[in-house]
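# Geometric and topological summary
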Amino acid sequence: MSNAARSVAFQAILVLGAGLAFLFGGKPVLGMLGLSGGPFVPVLAIILLGLAWLYGQVAVHGDLRAIRATIGTRVIVAVGLALLVLNGQGEAALLAFAALDLATAFWTWRALRNPN
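Please read all numbers here as calculations on a predicted model, not as lab measurements.

Definitions and limits used
- Residues numbered from 1 in each chain as written.
- Predicted model: local features only at pLDDT ≥ 70, side-chain atom pairs only at ≥ 80, totals over all residues.
- Heavy atoms only, no water.
- Core = buried A, V, L, I, M, F, W, Y, C linked by side-chain atoms within 4.5 Å.
- Buried < 20%, exposed > 50% of the residue type's maximum accessible area, 1.4 Å probe, protein only.
- Helix = DSSP H or I, 4+ residues; strand = E, 2+ residues; numbered from the N terminus.
- Contact = heavy atoms within 4.5 Å.
- 1 Å grid on protein atoms, 1.4 Å probe; cavity = no way out; pocket = protein on both sides within 12 Å on 5 of 7 lines; lining within 4 Å.
- Points joined across faces, edges and corners; volume = space filled by probe spheres on them.
- Nonpolar A, V, L, I, M, F, W, Y, C, P; charged D, E, K, R; others polar.
- Axes fitted to C-alpha atoms, helices over the stretch in contact; angles between N-to-C directions.
- Parallel < 35°, antiparallel > 145°, perpendicular 65-115°, else oblique.
- Left-handed = near helix turned anticlockwise from the far one by under 90°.

### Remarks on the nonpolar core
- Counting 24 residues, the largest nonpolar core has Val8, Phe22 and Ile67 as the members making the most contacts within it.
- Where this core is concerned, the elements lending two or more residues are α1 (3-24), α2 (26-32), α3 (40-61), α4 (64-86) and α5 (94-113).
- Ignoring anything within four residues of it in the chain, the contact list for phenylalanine 22 reads Leu30, Leu33, Leu35, Val41, Leu44, Ala45 and Leu48.

This is the structure in structure tokens:
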């Protein structure tokens, strides 16, 4: 597995963890992030679990175009999370998730630029 694929596999694990936390963590997890409960939470969890599966498949198969596409996805998510915090719609803890997304996106971008 290439370094770029490893970075996407790591992202898959992070997203899987987030999906499971939303699915089974309930109100304590939501409270840490400044989010309220509601019917959208399990839906979000299922979407995250699907995204984790997709990232995992991208990593396993090593398709460079798909790996490259994950960079933009992670940057969009990071910016969105930061905007939620800036708008007072989420707690500062969301910035940790944004930072992780940006860090793994940078890892992937760097790995694609320097494959050795």
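From this point, the narrative continues.
### Description of the layout of surface pockets
- The computed volume of the largest pocket comes to approximately 530 Å³.
- Ala18, Phe22, Leu48, Val77 and Leu81 are the residues nearest the centre of the largest pocket, which is lined by 22 residues in total.
- Sorting the residues of the lining of the largest pocket by element identifies α1, α3, α4 and α5 as the ones contributing at least two each.
- Sorting elements by how many residues they give to the lining of the largest pocket places α3 first, with six residues.
- Taken together, the residues of the lining of the largest pocket sort by class into 18 nonpolar, two polar and two charged.

### Regarding the environment of glycine 34
- Along the polypeptide, glycine 34 turns up in the loop between α2 and α3.
- For the pair glycine 34 and alanine 9, spaced 25 residues apart in the sequence, the C-alpha separation amounts to 28 Å.
- Leave out the neighbours within four places in its chain, and glycine 34 touches Gln89, Gly90 and Glu91.

### Things to note about the packing of α1 against α3
- Where α1 meets α3, the axes come as close as 8 Å, and the angle between the chain directions of the two elements is 160°. What the angle tells us is that α1 and α3 run roughly antiparallel. For the crossing formed where α1 meets α3, the hand is left-handed. Within the contact between the two elements, α1 uses Ala5, Val8, Ala9, Gln11, Ala12, Val15, Leu16, Ala18, Gly19, Leu20, Phe22 and Leu23 and α3 uses Val41, Leu44, Ala45, Leu48, Leu49, Leu51, Ala52, Tyr55, Gly56, Val58 and Ala59.

### So, the environment of valine 43
- Among the structural elements, valine 43 can be located in helix α3.
- For valine 43, a relative accessible area of 48% corresponds to the partly exposed category.
- Taking the C-alpha atoms as reference points, valine 43 and leucine 23, 20 residues apart in sequence, are found 8.7 Å from one another.

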